[in-house]
Amino acid sequence: MHRRALLTSSLAFASLAGCGEAAPRLLTPRRTTGLDPARLAAALQTAETLPRLHSLIVARDGEALAEQVFRGPALDAPVNIKSASKSVLAALGGIAIGRGVFAGVDQPISAFLGDRFPAGPDPRLATVTIGHLLSMQAGLGSTSGANYGAWVSSRDWVRAALARPFEAEPGGRMVYSTGTSHLLSAALTEASGRSTLANARDWLGEPLDIDIPPWPADPQGIYFGGNDMRLSPRALLKFGELYRNDGVHAGTRVLPEGWVQQSWNGRGASRWSGNPYGYGWWIKQVGRHPVYFAWGYGGQMVFVVPGLNLTVVMTSDPSPVDQRDGHVDRLHALLDEGLIPAAEIGAGEG
């Protein structure tokens, strides 16, 4: 197994001797109180046993205290982040509002996509807003799950998504659908007059100093909204840190003031997990700590725990698998039972 690792903490070299692999190299011999060494060591040992986990980065107060590749690409190599793309797209939606490209979350999508509506559309389609797309509350039938293959095989993804029958009222129950996110990419393309890729590179790539390579587009050339973006684990860390720092990176405001708070306000909820969903971010509670996370198929995760100044990135094998294999649940447990307690004790809270 090809493995690269580095660890910056007070973790002693010998403390990982029981993991059965060569211990990660200490970058500096200094001591830190950022994460409890014993709990961090245990979490890394647990991570090592997860066969589909590719990489793990744990940052506290903006400093990466553990960076490890168990298998797969290097930490600077772009990887398919699957539906974690939705969180990136939601950031672009917020920036578009801040720049006046969108008038706001209450702007109807008919302003940009009205000419793509089906003939004799359901009257409710005219009430769907940008905010509904961001929070998965458009009410349109899902194009995910069993409907995904037929949708991405259609000649026009935008028209096909808009033609789905309503499953809920706009602004009501959450209906998870990648087609809904793709409508946001289409609206952004129309409103800005340039591609979602160009906007992503200009609005996020340049200020965060991260590489955003091209990703798939639909038959009309609209970049896939909500799936198949490629970012490196280190780029994902910068993205998570941007949200942890309320939209500011290196002293420069990237996201509009207040956007992070709006994004982390749960509106709908998953009918499977029960977790609330804001604007592109999932929400859960671990003890007394709210946790906000981007989630991509197969275990592409960005966790932000603001109360602990903690940001965690995990990337995994994105190959199609039985989602009941428990891998994503084990990633959540790694955070909840290992890394959050390590941060609590490291912060002197334990």
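See the structure shown above.
Quick notes on the rules
- Numbering of residues starts from 1 in each chain and follows the order in which that chain's sequence is written.
- Reporting in this predicted model follows two pLDDT cut-offs: at least 70 for local features of residues, and 80 or more for side-chain atom pairs to be given and counted; totals over whole chains, interfaces and linings ignore these cut-offs and use all residues.
- Only hydrogens and water are removed before side-chain values are computed, so all heavy atoms of the structure are retained for them.
- Labels follow the DSSP assignment, with helices taken as runs of H or I lasting at least four residues and strands as runs of E lasting at least two, numbered in each case from the N terminus.
- The buried label applies to any residue whose accessible area, calculated with a 1.4 Å probe on protein chains only, is under 20% of its type's maximum; exposed applies above 50%, and partly exposed to all values in between.
- Exposure was quantified through the Shrake-Rupley algorithm and a 1.4 Å probe, taking into account, for residues, occlusion by the shown protein chains and nothing else.
- This count recognises Lys and Arg as positive and Asp and Glu as negative, with His and chain-terminal groups excluded.
- Between Lys or Arg on one side and Asp or Glu on the other, a salt bridge is scored when a side-chain nitrogen of the former is within 4 Å of a carboxyl oxygen of the latter.
- Polar contact is the term for a pair of N or O atoms within 3.5 Å; when the atoms are in protein, one must be able to donate a hydrogen and the other to accept it, and sequence-neighboring residues count only if both atoms are side-chain atoms.
- In this analysis, two residues are considered to be in contact whenever any of their non-hydrogen atoms come within 4.5 Å of each other.
- Nine residue types can take part in a nonpolar core, namely buried Ala, Val, Leu, Ile, Met, Phe, Trp, Tyr and Cys, and a core is a set of them joined through side-chain atoms within 4.5 Å.
- DSSP bridges decide pairing: two strands pair if at least two such bridges lie between them.
- Only C-alpha atoms enter the line fits that serve as axes; for helices the fit covers just the stretch in contact. Angles between N-to-C directions range over 0 to 180 degrees.
- Handedness of a helix crossing follows the sense of rotation of the near helix relative to the far helix, less than a right angle counterclockwise being left-handed and clockwise being right-handed.
- Residues are grouped as follows: nonpolar covers Ala, Val, Leu, Ile, Met, Phe, Trp, Tyr, Cys and Pro; charged covers Asp, Glu, Lys and Arg; every other residue, Gly included, is treated as polar.
- A helix is expected to reach a length of 1.5 Å times the quantity of its residues less one.
- What counts as a ring pair is set by centres within 6.5 Å for rings of Phe, Tyr and Trp (its six-membered ring), and what kind of pair is set by the plane angle: stacked under 30 degrees, edge-to-face over 60, tilted for all other angles.
- Charges are assigned to positions over rings by a cutoff of 6 Å between ring centre and Lys NZ or Arg CZ, combined with an angular limit of 35 degrees from the ring normal.

Concerning the overall build of the chain
And step 1. Within the chain one finds 11 helices and 14 strands.
And step 2. The proportion of buried residues among the 350 residues of the chain is 56%.
And step 3. When the accessible surface of the chain is split by element, carbon and sulfur atoms take 51% of a total near 13900 Å².

What about unusual backbone geometry?
And step 1. At M136, a position not held by glycine, the phi torsion is positive, near 60°.
And step 2. Along the chain, M136 falls in the loop between α4 (130–134) and α5 (148–152).

Side note on the environment of L242
And step 1. Note that L242 resides in helix α9 (residues 233–244).
And step 2. We classify L242 as buried; its relative accessible area is 1%.
And step 3. A C-alpha to C-alpha distance of 9.2 Å links L242 and R253, two positions 11 residues apart in sequence.

Looking at the side chain of R71
And step 1. The topology assignment puts R71 in the loop between β4 (63–69) and β5 (79–80).
And step 2. Within the buried core, R71 has no salt-bridge partner, and the shortest N-O distance to an opposite charge, that of E48, equals 4.7 Å.
And step 3. Separated by 3.0 Å, the side chain of R71 and the backbone oxygen of L50 make a polar contact.

Thoughts on the environment of L50
And step 1. As for its position among the elements, L50 is in the loop between α1 (37–48) and β3 (53–60).
And step 2. Spatially, the C-alpha atom of L50 lies 8.1 Å from that of R330, the residues being 280 residues apart in sequence.
And step 3. For L50, the residues in contact, after removing those within four places along its chain, are R71, H327, R330 and L331.

Some details on the nonpolar core
And step 1. Ranked by internal contacts, the top residues of the largest apolar core, which has 70 residues, are L113, L204, I212, Y243 and W281.
And step 2. It is helix α2 (residues 85–98) that provides the largest number of residues to this core, a total of 7 residues.
And step 3. With residues near it in sequence (within four places) discarded, I212 still touches L197, A200, R201, L204, G205, M229 and L231.
And step 4. Counting residues in each nonpolar core, the second largest holds 33 residues, with L65, M136, F293 and V312 among its members.

Looking at the pairing of strand β13 (residues 300–305)
And step 1. Burial analysis of β13 places 6 of its 6 residues in the buried class, which makes it a mostly covered element.
And step 2. Both faces of β13 are covered, namely the face carrying Q300, V302 and V304 and the face carrying M301, F303 and V305.
And step 3. Inspection of the sheet shows strand β12 (residues 289–296) paired to β13 by 5 bridges, in the antiparallel sense. Bridged to W295 within β13 is M301.
And step 4. Hairpin connection, β12 to β13: the antiparallel pair is bridged by 3 residues, and G298 has positive phi, about 85°.
And step 5. In this structure, β13 lies alongside strand β14 (residues 310–316), joined through 5 bridges in antiparallel fashion. Considered in β14, the bridge of M301 is made with M314.
And step 6. In sequence, β13 turns back onto β14 through a hairpin of 4 residues, with N309 there showing a positive phi of about 50°.

Side note on the environment of R173
And step 1. Residue position: R173 is located in the loop between α6 (157–162) and α7 (178–192).
And step 2. Exposure remark for R173: the relative accessible area of 41% places this residue in the partly exposed category.
And step 3. Discounting residues that sit within four places of it in the chain, R173 has contacts with M136, Q137, E167 and A168.
And step 4. A polar contact is formed between the side chain of R173 and the backbone oxygen of E167, at a distance of 3.0 Å.

Some points on the packing of α2 against α7
When two helices pack together, their arrangement is given by the angle between their axes and by how far apart the axes lie.
And step 1. Taken N-terminus to C-terminus, the directions of α2 and α7 make an angle of 35°; their axes are 11 Å apart at the nearest point. Between α2 and α7 the crossing geometry is left-handed. Of the residues in α7, those touching α2 at K86, L89, L92 and A96 are T178, S181, L184, S185 and L188.
And step 2. Of the residues assigned to the contact of α2 with α7, the class counts are 5 nonpolar, 3 polar and 1 charged.

Observations concerning α7
And step 1. Between its first and last C-alpha atoms α7 spans 21 Å; for 15 residues at 1.5 Å apiece the expected length is 21 Å, and the two agree.
And step 2. In terms of residue burial, α7 counts as a mostly covered element, since 11 of its 15 residues are buried.
And step 3. Taken together, the buried positions of α7 are T178, G179, T180, S181, H182, L183, L184, S185, A186, A187 and L188.
And step 4. Where α7 begins, the capping side chain belongs to S177, and its oxygen is found 3.3 Å from the backbone nitrogen of G179.
And step 5. Once α7 finishes, G193 follows within two positions and takes phi at roughly 75°, a positive value.

Remarks on the packing of aromatic side chains
And step 1. All told, the structure shown has 18 aromatic pairs when counted by the stated rule.
And step 2. Measuring from centroid to centroid gives 6.0 Å for W151 and F224, while their planes differ by 55°, and the two rings are tilted. Of the two residues, W151 sits in helix α5 while F224 sits in the loop between α8 (196–208) and β6 (230–231), which places them 73 residues apart along the sequence. Both residues of the pair, W151 and F224, belong to the buried class.
And step 3. What links up through ring pairs into an aromatic cluster is the set Y176, Y277, W282, F293, W295 and F303.
And step 4. Its end group placed over the ring of Y279, R267 keeps NZ or CZ at 3.8 Å from the ring centre.

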